[in-house]
Amino acid sequence: MKALLLTEYRRLQIADLPAPAAGPRQVLVRVAACGICGSDVHGYDGSTGRRIPPIVMGHEAAGRVAAIGAGVTKFSVGDRVSFDSTVSCGDCRYCQQGQINLCDRRQVLGVSCGDYRCAGAFAEYVVVPEHIVCRLPDNLSFDEAAMLEAVAVALHGVTLSQVKPGDTALVLGAGMIGLLTLQSLRAAGCSRVFIADIDSTRLGLAREVGASEAFQASGQELLTQVLRLTGGNGVDVSIEAVGIDATVRGAIDCVRKGGTVVLVGNVTPEVSLPLQKVVTRQIRLQGSCASEGEYEKGIGLVASGAIRVKPLITAVAPLEDGPRWFERLYAREPNLMKVVLSPEMRA
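Residues numbered from 1 in each chain as written. Predicted model: local features only at pLDDT ≥ 70, side-chain atom pairs only at ≥ 80, totals over all residues. Heavy atoms only, no water.

Here the focus is the packing of aromatic side chains. In this structure the tally under the stated criterion is four aromatic pairs. Between Y44 and F326, the aromatic rings sit 5.5 Å apart at their centres with planes inclined by 45°, giving tilted as the arrangement. One end of the pair, Y44, is in helix α1 (residues 38-44); the other, F326, is in helix α11 (residues 322-330), with 282 residues separating them in the sequence. The two residues Y44 and F326 agree in class, both being buried. Centre to centre, the rings of Y44 and Y330 are 5.5 Å apart; their planes meet at 75°, and the pair counts as edge-to-face. With Y44 in helix α1 and Y330 in helix α11, this residue pair connects regions lying 286 residues apart in the sequence. Taking the ring centre of F142 as reference, the NZ or CZ of R80 above it sits at 4.4 Å. The ring of Y94 carries R93 above its face, with NZ or CZ at 5.2 Å from the centroid. (Phe/Tyr/Trp six-rings, centres within 6.5 Å; stacked < 30°, edge-to-face > 60°. Helix = DSSP H or I, 4+ residues; strand = E, 2+ residues; numbered from the N terminus. Buried < 20%, exposed > 50% of the residue type's maximum accessible area, 1.4 Å probe, protein only. Lys NZ or Arg CZ within 6 Å of the ring centre and 35° of its normal.)

Structure representation (structure tokens):
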């Protein structure tokens, strides 16, 4: 099969690799679309340590069932499917409690690190366990379905926020996860959802997908605007979708007393924390990792139009064009959001 192989850091090439075969309780998927995740771009240069070459990356994918292994009962050849990025064991204490994202033996498609190597979906075929596969409705395109993993991540953060209908919320960061979090908060019944970023183009997209207010502001200026719009109280929930000092601090500053801050962003390993504000204002800090069974919910929301992903897709390109698109994303070219690669398209 053809695959986009990271042969060394900053070097991708189309390679001929042996096609995988479905083992017991596994599904072989012929990939129709696979999105380039920000984590893939960070792994491209080795900065994360979780894409050790050689590796086929890619975990945001959809396609058709090409073959099934022994014991597979839920799917048949030809079914249109997508799948979670997390491969959980199903047996550890966390899996037994439904916390599959915290699985003790968790693996992620398209990741290679010191503990494991798991081939991803920037290829014509990928093998995944049956229990992470979901059937797609006919009205959901493969390109849209390639966004479902990111949708599930956003939904998980919103679930952990314990937001209630009528609440106000602020999203820090209008990247892919931030824009999907904005829409997930709307779907959860928030009366107003604000979003902040330093990129005016992204804020325009945020307004298109439902932001009540979009701020090109940070620090004191952001806090002033949020307090003005909330009667001096602050928002009920802040969701931080970047992962740096400034946005974590902004999320804490802008939430009301007794409110909740959910930390989804994960760019830097450490940030400083305004401890006295958190303690004296009794703010709840909640980390959010990947997703925890929100995939099916995400399919329903995208299929119904409650969450719109098409405006967030910048380009759909052949797999062969992958090296060029990775380099453009790595160079932080303006106005690029989600790029989807398709092994079925020809350059």
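Ordered in space as β2-β1-β4, the three strands form an open sheet in which the pairing is antiparallel. Every other strand in the sheet has two partners, leaving β2 (11-16) and β4 (55-56) as the edge strands with one partner each. Sheet topology note: the strand β1 (residues 2-8)/β2 ladder contains six bridges and is antiparallel. The partner of L6 across the bridge, within β2, is L12. (Pairing = 2+ DSSP bridges.)

The next point concerns the sheet that holds strand β17 (residues 255-263). Pairing is parallel in the open sheet, where six strands are placed in the order β15-β14-β13-β16-β17-β18. The strands lining the two open edges of the sheet, one partner per strand, are β15 (213-215) and β18 (284-287). Across the sheet, the axes of successive neighbouring strands diverge by a mean angle of 20°, strand direction being ignored. Relative to β17, strand β16 (residues 235-240) runs parallel, the two being bridged by five bridges. Paired with I239 across the strands is V262, a residue of β17. Against the sheet, helix α5 (residues 176-187) engages β13 (168-172), β14 (192-196) and β16, with an angle of about 170° to β14. (Axes fitted to C-alpha atoms, helices over the stretch in contact; angles between N-to-C directions. Contact = heavy atoms within 4.5 Å.)

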